[in-house]
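Structural description and commentary
Spelled out, the chains give:
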Number of protein chains: 2
Amino acid sequence: MKQLGSMTIADIAKKAGVSTATVSRVLSESDKVKPSTRTRVLDIIEEYSYIPNQLAQGLAGSPTKTIGVIIDELSNHFFIEIAEGVDSILQNENYSMQLSSSRWIGDRELRLTRSLLSSRVEGVLIAPVDPDSPSVRLLKKSGIPFVVMNCSVEDPDVAYVSGNNRRGGELVAEFLNRNPREQIILITGFPHQSVSERLSGFFDTLDSAYKPIHIRGVKTFEDGHDLVPLLLTRNLIAKIKTTLFVTNDNVAIGITDRLVREGVAIPDQVTIIGYDDIRMSAFSRVPLTTVSQSMRDIGRIAAMELLDLIKDPKKERPRHNIEPRLVIRESAVEAPSR
Amino acid sequence: MKQLGSMTIADIAKKAGVSTATVSRVLSESDKVKPSTRTRVLDIIEEYSYIPNQLAQGLAGSPTKTIGVIIDELSNHFFIEIAEGVDSILQNENYSMQLSSSRWIGDRELRLTRSLLSSRVEGVLIAPVDPDSPSVRLLKKSGIPFVVMNCSVEDPDVAYVSGNNRRGGELVAEFLNRNPREQIILITGFPHQSVSERLSGFFDTLDSAYKPIHIRGVKTFEDGHDLVPLLLTRNLIAKIKTTLFVTNDNVAIGITDRLVREGVAIPDQVTIIGYDDIRMSAFSRVPLTTVSQSMRDIGRIAAMELLDLIKDPKKERPRHNIEPRLVIRESAVEAPSR
DNA sequence: ACTTTCAATGTAAGCGCTTACATATTTAAT
DNA sequence: ATTAAATATGTAAGCGCTTACATTGAAAGT
């Protein structure tokens, strides 16, 4: 007996006493074949556990029923929640998803994009390192349906689904204007578009009396953790009622945790406002006040739009800005703390 | 100009004034072609941003450089951490990973497995719903290199990388023997092999005086949350110094969070011991005492072994049991609580 | 100068499928 | 019964690559 996986449609055809075309037809389920022969073929397929070769199918022209998804990090709940949203939609439509992570590296992103293109996915969902990255240009050039996630793109020809980051920044500023503190420290990580937008909304709204300190390059949970001793030794937060606006919940959680360990009182001494509202944020050491944008929704909407685009490529490119809201939890509360 | 993506090796060959074979040779980089023609071809490829069709390449026999990964849940940090480990290894070897989630559904798992097989991945990594699931049997039958994750399989012909779950259960029991409590409640979710093993190690070691209550089917974070009021109203934990052994950190975190909200004192009134040590566990409302097994390591080792298996399919099937250790944090501390 | 080698390239046969078109078989219409 | 129409199936031409084998041309050996 032939090794499973090396069996071809021709083998099945022979055993069933029909042509390959007929087998192909029962496989595709669409074309009509006499019920009796269909079951005969099906039986043979079952008997030998034959599995058609997707590569050959794809090459020969049948749709791959696969879409590619590129996110920036696997280890970041932010992106995982997006992927979950995508997955939940694709599953219903019987599409499968090819998920990979760029690790915030443009080159890697481009490689992944190429690879997706060359494996003939029907569409791609990408959370690009930069809205103007080569990957996005390549995708556009390629003519394949695609939707950008977590970025807004100028070009009206590209579809995107993003949180309204400007608005998110404004929300935080409004909160701070309402609940004044003596000092504000901004903590950001990757210099991503979404972050700049958050900041610009923030600064445009914030009382001009504030002169926030800005610390950059704090990217991971651990970075946040490690930052705290620095803040403490430099006396940045010890003496003054400070608010930390951290543009990434992962980092915010890391910082919060360490602050608690170091005995800093939250929210009395220091208040913390994060961004994203990842699932974990509600359950961290001190439940996090943060700007909430449903990542699952971003993923879901992006997937739905992509599927539409695949069905009708001439369709207008949808552009979504999901409205964020500020979720007040314990790390920064509404009553002015003095 | 032809649409990007529809350009073929023949087009390139024509423009470069060579045969398709030569183009193919410069693409594969292995075979020798005169430097001058190589650069000429490369230039044309560059100029037209030609991307070879992976389907065709695969069909024609070149390795796909792709491995399939099936996990049970996307929304569970446990599995994501495994995937991260896998990804970190594959990246170096220039393999790409096709990640998908079975959602604990055997049928879906089987479908995914079939799909991987039919797309000619070079190997697969699977965290099966059940060590004896049809998927595993199919994989074995197919002859494709694969390694099972998070399960130990009897069959010496299948490779696996799993935590030593028995030992993990023992660790918890030993802790409880050392730090006696008045009552133990066991909380489990999916009836997965790993859980049974944890329990059997646990029961075999636990002082026989204990008569634990066992609550099943608590699967998610939210389930954990919702369970608390029940425990409270039934007076299961209000009056007695209780320990909750929760075989899944997600659930443990959900429970902990809710207990804190309900004003239950942890670890004085109730202590909680989880399992897995997902990243979040150290930073939850009450940092979780839990059995730690490095999921990243499981992923890494599994990926390395798979790569080896791909290189040498006759190789003996490795079988790893990662040793767990108990990490004491605040939700259950070593000093007997009375 | 002539054969032998070897490097560089071309030719063409697949890889396993789908599908337009041709052919055979059945059913309906007259 | 005879022909037209409809249905079921077969034939074979690709899909875009890789690669064994054939061919060419030049360097090397005598």
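Below is a short write-up of the structure. Just so you know, these numbers come straight off a predicted model, no measurement behind them.

**So, the sheet that holds strand β10 (residues 289-292) of chain A**
Residue and element names in this part refer to chain A.
- The strand order across the open sheet formed by six strands is β7-β6-β8-β9-β10-β12, and the pairing between neighbours is mixed. Two strands in the sheet have a free side with no partner beyond their single neighbour: β7 (213-215) and β12 (325-327). Averaged over all neighbouring strand pairs, the angle between strand axes comes to 20°, with direction disregarded.
- Two elements, strand β8 (residues 242-246) and strand β9 (residues 270-276), share four bridges in a ladder whose sense is parallel. Within the sheet, the bridge partner assigned to Thr242 lies in β9 and is Val270.

**What about the relation of the copies chain A and chain B?**
- With an RMSD of 0.1 Å, the fit of chain A onto chain B corresponds to turning through 180° and sliding 0.1 Å along the axis. Expressed as a symmetry operation, the mapping of one chain copy onto the other fits a two-fold axis. Minimal C-alpha distance to the rotation axis in chain A is attained by Arg285 of chain A, lying at 1.9 Å.
- A shared interface surface links the copies, since 98% of the contact residues of chain A are contact residues in chain B too.

**As for the protein's contact with DNA strand C**
- DNA strand C sits among 28 residues. The nearest are Ile9, Ala21, Ser24 and Ala60 of chain A together with Ala21 of chain B.
- Within the residue set of the surface near DNA strand C, elements represented by two or more residues are α2 (20-28) and α4 (54-60) of chain A together with α2 (20-28) and α4 (54-60) of chain B.
- Element by element, the count of residues in the surface near DNA strand C is highest for α2 of chain A, at six residues.
- Looking at the surface near DNA strand C residue by residue, the class counts come to 12 nonpolar, 13 polar and three charged.

**Let's talk about the interface of chain A and chain B**
- Listed as interface residues are 40 residues of chain A and, on the opposing side, 39 residues of chain B.
- Broken down by secondary-structure element, the contributors of at least two residues to the side of chain A that touches chain B are α4, α5 (77-93), β2 (96-101), α6 (106-118), α7 (134-142) and α11 (249-261) of chain A.
- At six residues, β2 of chain A tops the list of elements feeding residues into the side of chain A that touches chain B.
- Class assignment for the residues of the side of chain A that touches chain B results in 16 nonpolar, 17 polar and seven charged.

**Let's talk about unusual backbone geometry**
All names here are of chain A.
- Ile266 connects to Pro267 through a cis peptide bond whose omega is 5°.
- Take Pro267: it is sitting in the loop between α11 and β9.
- Non-glycine residue Trp104 carries a positive phi angle of around 65°.
- Within the secondary structure, Trp104 is located in the loop between β2 and α6.

**Concerning the protein's contact with DNA strand D**
- Close to DNA strand D lie 28 residues, the nearest being Ala21 of chain A together with Ile9, Ala21, Ser24 and Ala60 of chain B.
- Contributing elements (two or more residues each) for the surface near DNA strand D: α2 and α4 of chain A together with α2 and α4 of chain B.
- The element contributing the most residues to the surface near DNA strand D is α2 of chain B, with six residues.
- Residues of the surface near DNA strand D, tallied by class, amount to 12 nonpolar, 13 polar and three charged.

**Concerning the sheet that holds strand β10 (residues 289-292) of chain B**
Residue and element names in this part refer to chain B.
- The six strands lie next to each other as β7-β6-β8-β9-β10-β12, forming an open sheet whose pairing is mixed. This sheet does not close on itself; its edge strands, each paired only once, are β7 (213-215) and β12 (325-327). Strand after strand, the sheet turns through a mean of 20° between neighbouring axes, direction not considered.
- Strand direction decides the pairing type here: β10 and β12, joined by three bridges, are antiparallel. What sits directly across from Thr290, in β12, is Val327.
- Against the sheet, helix α11 (residues 249-261) contacts β6 (183-187), β8 (242-246), β9 (270-276) and β10, and its axis sits at roughly 155° relative to β9.

**Some remarks on the environment of Val195 of chain B**
Residues and elements named next belong to chain B.
- Its place among the elements puts Val195 in helix α9 (residues 193-205).
- As for Val195 and Gly169, which are separated by 26 residues in sequence, their C-alpha atoms are 9.0 Å apart.
- Residues contacting Val195, with those up to four places away along its chain left out, are Thr188, Phe190 and Thr247.

**Some remarks on the pairing of strand β4 (residues 146-149) of chain B**
Residues and elements named next belong to chain B.
- Side chains Phe146 and Val148 of β4 all project onto a buried face; the interleaved residues Val147 and Met149 project onto the opposite face, where all are buried too.
- Pairing of β4 with strand β5 (residues 159-163) involves three bridges; the strand directions are parallel. Counterpart to Val147 in the pairing with β5 is Ala159.

**Quick word on the nonpolar core**
- One finds Leu125 of chain A together with Leu125, Val147 and Met149 of chain B to be the most contacted residues of the largest nonpolar core, which totals 159 residues.
- Not counting residues up to four positions away in its chain, the partners in contact with Leu125 of chain A are Ile67, Val69, Val86, Phe146, Val147, Met149, Ala302, Ala303 and Leu306 of chain A.
- Judged by nonpolar contacts, the second largest core, of seven residues, contains Val23, Val26, Val41 and Tyr50 of chain A.

What counts, and where the lines are drawn
Residues numbered from 1 in each chain as written. Chains lettered and ligands numbered in written order. Predicted model: local features only at pLDDT ≥ 70, side-chain atom pairs only at ≥ 80, totals over all residues. Pairing = 2+ DSSP bridges. Helix = DSSP H or I, 4+ residues; strand = E, 2+ residues; numbered from the N terminus. Axes fitted to C-alpha atoms, helices over the stretch in contact; angles between N-to-C directions. Least-squares fit on C-alpha atoms with pLDDT ≥ 70 in both. Contact = placed C-beta atoms within 7 Å. Near = placed C-beta within 6 Å. Nonpolar A, V, L, I, M, F, W, Y, C, P; charged D, E, K, R; others polar. Buried ≥ 20, exposed ≤ 12 C-beta atoms within 10 Å, placed from the backbone. Core = buried A, V, L, I, M, F, W, Y, C linked by C-beta atoms within 7 Å.

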